[in-house]
Amino acid sequence: MADLLLGALALVLIFEGLLPFASPATWRRMFEQMTRLEDGQIRFLGLGCISVGLVLLALWH
């Protein structure tokens, strides 16, 4: 179980690092735009990410 969680964390870090590595200027613009969002909008994005993750996990498992 710990190996699976470590692997999942490694994949998250790889995917999170792709855009800043490949295009730092685009990543910076996106990050600046994200800081301008309201709390409710950020929560909605978080909920969307959680929902997609749960669906993918259910399909994989």
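Residues numbered from 1 in each chain as written. Predicted model: local features only at pLDDT ≥ 70, side-chain atom pairs only at ≥ 80, totals over all residues. Heavy atoms only, no water.

Draft legend 1. Spotlight on the layout of surface pockets. There is about 620 Å³ of room inside the largest pocket. Taken together, 16 residues make up the lining of the largest pocket; nearest its centre are Ala8, Leu11, Val12, Gly53 and Leu56. Here the second largest pocket is characterised by a volume of approximately 190 Å³. In this structure, the second largest pocket is lined by Phe15, Glu16, Leu19, Trp27, Met30, Phe31 and Met34. Top contributing element to the lining of the second largest pocket by residue count: helix α2 (residues 24-35), with four residues. Classifying every residue of the lining of the second largest pocket by side-chain character gives six nonpolar, no polar and one charged. (1 Å grid on protein atoms, 1.4 Å probe; cavity = no way out; pocket = protein on both sides within 12 Å on 5 of 7 lines; lining within 4 Å. Points joined across faces, edges and corners; volume = space filled by probe spheres on them. Helix = DSSP H or I, 4+ residues; strand = E, 2+ residues; numbered from the N terminus. Nonpolar A, V, L, I, M, F, W, Y, C, P; charged D, E, K, R; others polar.)

Draft legend 2. Up close: the UniProt feature "transmembrane region" (unreviewed entry) in the protein. Mapped onto the present numbering, the UniProt feature "transmembrane region" (unreviewed entry) falls at residues 40-60. This span, residues 40-60, is 100% helix and 0% strand, and a straight line between its end C-alpha atoms measures 30 Å. (UniProt positions renumbered as here; feature names shortened; annotations may be inferred.)

Draft legend 3. Up close: the packing of helix α1 (residues 2-22) against α2. Close contact between α1 and α2 brings their axes to 5 Å; oriented N to C, the two are set at 115°. The angle between α1 and α2 places the two elements in the roughly perpendicular class. Contacts from Leu19, Pro20, Phe21 and Ala22 of α1 reach α2 at Pro24, Trp27 and Met30. Each residue belonging to the contact of α1 with α2 can be placed in one class, and the counts come to seven nonpolar, no polar and no charged. (Axes fitted to C-alpha atoms, helices over the stretch in contact; angles between N-to-C directions. Parallel < 35°, antiparallel > 145°, perpendicular 65-115°, else oblique. Contact = heavy atoms within 4.5 Å.)

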